[in-house]
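# Architecture at a glance
What follows is each chain in one-letter form.
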Amino acid sequence: MRLAGRLHRQVSGPAMITKDEIKWLTKNFPHLSISEKQDVIEGVVRFSSVYDKATNSFTALIDPDVVYLGVMLSGEYRIKISKSNKERRAPKLYVYTDESKWIPKRHFFDAEDGRACFAGPVEEDDLFTRGYSFLEYFERFVIPFLYAQSYFDEYGKWPWLAYDHNAAGILQSFK
């Protein structure tokens, strides 16, 4: 299942998510709520995704009528997504889970609040260069981050190559 026809738009003004994206999100993730200002999305995400290492392909939301190759995982996480106050930066993702998991090795940016470290500057910039879409952000960053956490819980390693943190990770992103 792909995300709502890839609704793209240029960021113009304060909106983090469009009305059409809200409709899709509330239909497919009914346990998420959206603030009145539409700058915070909070609640429970339930997902089923699959990663095929042989082809390096990730399917964020699977179609139950399709057979997939790779490691299929389902999970449930309580999250919060909030609009970034920096231009051309993806919304912030917070994952509310056991605080012992809030460590750099698990890609949490700040052990004080559970903020996820899910992309380098090149990947974030690409999201805006091609025309920002909340649904693309959700599929490219949120679901893969949650899948990777579940994979790490199951196998003790990441399903794909992960960047280092700080300057080293920034250089890897540009590479």
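Sequence order sets the numbering: in each chain, residues are counted from 1 along the sequence as written. Per-residue local features are limited, in this predicted model, to residues with pLDDT of at least 70; the limit for side-chain atom pairs, both in listing and counting, is 80 or more; totals at the level of whole chains, interfaces and linings are taken over all residues. Computation of side-chain values: all heavy atoms of the structure, hydrogens and water removed.

## Some words on the overall build of the protein
Helix and strand definitions follow DSSP, with helices as H or I runs of at least four residues and strands as E runs of at least two, each counted in order from the N terminus. A tally of helices and strands in the protein yields 4 helices and 7 strands. Along the chain direction, N to C, the helices and strands of the protein fall in the order α-β-β-β-β-β-β-β-α-α-α. Under the scheme applied here, a residue whose accessible area is under 20% of the maximum for its type counts as buried, over 50% as exposed, and between as partly exposed, the area being computed with a 1.4 Å probe on protein chains only. Out of the 175 residues in the protein, the part that is buried amounts to 40%. At a minimum sequence separation of 6, the contacts of the protein that also span at least 24 residues come to 54%. With residues, only the protein chains shown are counted as cover, and all accessible areas are computed by Shrake-Rupley using a 1.4 Å probe. By element, 52% of the accessible surface of the protein is carried by carbon and sulfur atoms, the whole surface being about 9,800 Å². A contact between two residues is defined here by any heavy atoms of the two lying within 4.5 Å.

## Describing the packing of aromatic side chains
Under the pairing criterion, centres of Phe, Tyr and Trp rings, with the six-membered ring standing for Trp, must be within 6.5 Å; the plane angle then separates stacked pairs below 30 degrees from edge-to-face pairs above 60, leaving the rest tilted. Applying the stated criterion across every chain, the model contains 11 aromatic pairs. Here the aromatic rings of phenylalanine 47 and tyrosine 77 are separated by 6.2 Å at their centres, their planes lie at 10°, and the arrangement is stacked. Here phenylalanine 47 is found in strand E2 (residues 40-52), whereas its partner tyrosine 77 is found in strand E4 (residues 71-82), with 30 residues between them in sequence. Judged by relative accessible area, phenylalanine 47 falls into the buried class, the value being 4%. These aromatic residues form a ring-pair network of at least three members: Trp24, Phe29, Phe134, Tyr137, Phe138 and Phe141.

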